[in-house]
Amino acid sequence: MRLRALLAAAVLTVSTAPAAWAVAHGSDVPPGQYGFVAKLAMTKIPRPDGSTYSSYCTGALIAPAWVLTTGHCFHDAHRDRVSGKTPYPTTVTLGLTDEATESGIARRATEVLQAKENDVALIRLDSPVTTVPPLTVSRAAPKVGQQLTLAGWGSLTNADPKPATRLQQGTVAVAKVDPTTLGVRGAAPEITTSACTYDSGAPYFSGNELVSLEATGPDCPHAGIETTSRADVIADWIATHTA
């Protein structure tokens, strides 16, 4: 089966050997920036045969006790999205750019709320994070040509993918605006800058505003269109739960 960014990377058994890359054909995030980008580490994810495995996703802090990520990161043994109590142990780490030199701020995910409009989930943390400024959820409709920053903990490539140990970033341009999703293409450092395995839920943002989250795309790196989930269409739903 192809390894694509559309997966929560949750179908993969994670190697214990770390990788030093994330967003494919991206660049290092400078120390102290984008502390709102969350690395989600999940264990004991169930398979239909009763076995379990570990995996990773990316997310964004949008309130002191809430992280937004891709909905398919949380599912049952048959890969159906679930709400309620977190279905498997999930550690959320924030305030981190380089695992070799920093420890970050770790929290435990306790609850999952799935959006109806698109593939997005809200994750409640066991205690608030007050030292990292959260992203504001944009309420404005994105426009074709608009440039966004992508930051994530995903792999450099689909070949033998591993979660990152250094946060990566890239610039994309909006190529297509649909009712609940947004199509984006790589712009910098390269036209092939793109989300990759373990970037599911990674934020696309402008300034301090969250515009969309990683959902699905071709094998990475690629110069094609990546599908992301619009944040503005679920802004009211998010505010209702995080207020």
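Right above here is the structure, for reference.
If you're wondering where the values come from, they're calculated on a predicted model, not measured in any experiment. (Residues numbered from 1 in each chain as written. Predicted model: local features only at pLDDT ≥ 70, side-chain atom pairs only at ≥ 80, totals over all residues. Heavy atoms only, no water.)

Draft legend 1. Geometry of the side chain of Glu214. Within the secondary structure, Glu214 sits in strand S14 (residues 209–216). With relative accessibility at 0%, the residue Glu214 sits in the buried group. A distance of 3.5 Å separates a polar side-chain atom of Glu214 from the backbone nitrogen of Thr216. (Helix = DSSP H or I, 4+ residues; strand = E, 2+ residues; numbered from the N terminus. Buried < 20%, exposed > 50% of the residue type's maximum accessible area, 1.4 Å probe, protein only. Polar contact = N/O pair within 3.5 Å; in protein donor to acceptor, adjacent residues only side chain to side chain.)

Draft legend 2. Layout of the environment of Lys85. Residue placement: Lys85 occurs in strand S5 (residues 84–85). For the pair Lys85 and Leu113, spaced 28 residues apart in sequence, the C-alpha to C-alpha distance is 9.0 Å.

Draft legend 3. Structural detail: the environment of Thr181. Along the chain, the position of Thr181 falls in strand S12 (residues 181–188). Every residue in contact with Thr181, bar those within four places of it in the chain, is listed here: Lys176, Thr227, Thr228 and Arg230. (Contact = heavy atoms within 4.5 Å.)

Draft legend 4. Molecular detail of the pattern of salt bridges. Taken as a whole and assessed by the stated rule, the structure comprises ten salt bridges. A salt bridge links Arg124 to Glu111, with the shortest nitrogen-to-oxygen separation between them at 2.7 Å. Pair noted here: Arg124 is in strand S8 (residues 120–125) and Glu111 is in strand S7 (residues 105–114), with a separation of 13 residues, a long-range link. Judged by relative accessible area, Arg124 falls into the partly exposed class, the value being 34%. (Salt bridge = Lys/Arg side-chain N within 4 Å of Asp/Glu carboxyl O.)

Draft legend 5. How the structure looks around the packing of aromatic side chains. For the structure on display, the rule yields five aromatic pairs. Aromatic pair Tyr34 and Phe36: ring centres 5.8 Å apart, planes at 45°, arrangement tilted. As far as burial versus exposure is concerned, Tyr34 and Phe36 are alike and both buried. Where Phe36 meets Phe205, the ring centres are 5.1 Å apart and the plane angle is 90°; that geometry is what we call edge-to-face. Remark: Phe205 occurs in strand S13 (residues 203–206) and Phe36 occurs in the loop between strand S1 (27–28) and strand S2 (37–46); sequence separation between them is 169 residues. The pair formed by Phe36 and Phe205 is uniform in burial state, with each residue classed as buried. In this structure an aromatic cluster arises from ring pairing among Tyr34, Phe36 and Phe205. (Phe/Tyr/Trp six-rings, centres within 6.5 Å; stacked < 30°, edge-to-face > 60°.)

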